[in-house]
Amino acid sequence: MTATAFSTTALALLALAGSASAQIGSSYCSANSNSTGGPSVISATGSTDVALNDVTLACSSLPLNAFGYFVTSQTQAFIPGPGGSSGNLCISGNIGRYAGNIVSSGSTGSVSLSIDVTALPSPTGNYAALPGDTVNFQFWHRDAAGGSVTSNFSPGLELTFDSAGPTFSQDIYPMLTQPNINAPECVICHGSFGGLNMGQDAASAYASLVNAASTSFNCQGSIYVIPGDFQNSLLYDKLANPTPSCGSQMPFGGTFAGDVTVIRDWITAGAVF
Ligand code: HEC
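Okay, so let's go over this structure. Since the structure is predicted, the reported quantities are computational estimates derived from the model, not experimental observations.

Rules and cut-offs
- Residues numbered from 1 in each chain as written.
- Predicted model: local features only at pLDDT ≥ 70, side-chain atom pairs only at ≥ 80, totals over all residues.
- Heavy atoms only, no water.
- Donors = N, O, S within 2.8 Å, 3.2 Å for Na, K, Ca; no water.
- Tetrahedral: all angles 85-135°; square planar, octahedral: opposite > 155°, others 65-115°.
- Helix = DSSP H or I, 4+ residues; strand = E, 2+ residues; numbered from the N terminus.
- Buried < 20%, exposed > 50% of the residue type's maximum accessible area, 1.4 Å probe, protein only.
- Axes fitted to C-alpha atoms, helices over the stretch in contact; angles between N-to-C directions.
- Parallel < 35°, antiparallel > 145°, perpendicular 65-115°, else oblique.
- Left-handed = near helix turned anticlockwise from the far one by under 90°.
- Contact = heavy atoms within 4.5 Å.
- Nonpolar A, V, L, I, M, F, W, Y, C, P; charged D, E, K, R; others polar.
- Salt bridge = Lys/Arg side-chain N within 4 Å of Asp/Glu carboxyl O.

What to know about the coordination of the iron atom of the ligand
At step 1: The coordination sphere of the iron atom of the ligand contains the protein donors His 190 (NE2) and Met 250 (SD), at a distance range of 2.0 to 2.2 Å.
At step 2: Around the iron atom of the ligand, the six donor atoms are arranged such that angles at the metal cover 87 to 178°; this shape is classified as octahedral. Of this pair, His 190 sits in the loop between helix 3 (186–189) and helix 4 (202–209) while Met 250 sits in the loop between helix 5 (234–240) and helix 6 (260–268), placing them 60 residues apart in sequence.
At step 3: The exposure class of Met 250 is partly exposed, given its relative accessible area of 21%.

Let's talk about the packing of helix 2 (residues 168–176) against helix 6
At step 1: Packing of helix 2 against helix 6 leaves a shortest axis separation of 10 Å and a crossing angle of 140°. As the angle between them shows, helix 2 and helix 6 are arranged oblique. Considering how the two elements wind past one another, helix 2 and helix 6 form a crossing that is left-handed. Here Phe 168, Asp 171, Ile 172 and Met 175 of helix 2 come into contact with helix 6, specifically with Val 262, Ile 263 and Trp 266.
At step 2: Among the residues making up the contact of helix 2 with helix 6, the classes are represented as six nonpolar, no polar and one charged.

Digging into the pattern of salt bridges
At step 1: Scanning the entire structure with this criterion turns up one salt bridge.
At step 2: Among the ionic pairs, Asp 265 bridges to Arg 264, the shortest N-O distance being 3.7 Å.
At step 3: For Arg 264, a relative accessible area of 30% corresponds to the partly exposed category.

See the structure below:
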């Protein structure tokens, strides 16, 4: 019974950790049903900002224990049944294969792959995605249809890369208001009292953090966020360091459900709203 309770907690933690990452990209091109009876689903999480190099591809609703790999190209297409496959190829041109990253859909019928956006495969070697590039991905996998071995494809996924950097309104504010399993979200304790008031809306939370000094008894005078300087920003210090320069690590008595690396990148990139 204890073991079950532990694993349930671990799963909940994983689910929460996953939810901190945003869905990116959009699906295009239709997939044929695979041997599960329906088409698979492709998605991506992380950031389209090339500087963050944070993209994880995922494919679900796959047949169980099927091997396959992601393929990629900057050119979209619609090629039904390439080479006798049961699926549709949604890319053409310079097709690169993640052939060194063959993955199995295992007992869940799903796969994921964290990719390096500075080394996307192509027939002429790896290349780095640049801001403005639209890169397409698809998952190819083995399957069995009516007893004979075939293959199939997921729909296509289109990602347009940028260099916007994380923004407070889209990336940071949701983290500060996000509940987690061990502690309430920041705004439960920093929502209405004292100088740090993040509880109204994104604009007022931004105003109380960026270039604003703490007035609390033990951190008085420290600036929460100094654009371009994460090391001297109290917000980063209180989240990243087990023993911050003043008081305790935040969230008080719990674990941060957001991503401290994104907070660091946001401050480094100028802490824009
Ligand atoms: C359970 C209540 C609680 C939660 C949740 C909480 N804090 Fe705090 N926070 C405190 C207390 C109490 C202090 C004052 C003592 C200290 O500095 O350690 C504080 C102090 C701080 C300070 C520095 C002092 C100030 O107020 O100017 C910062 C910055 C901070 N918290 C950020 C956060 C962030 C960001 C989160 C969410 C990830 C968070 N806190 C979640 C209770 C909480």
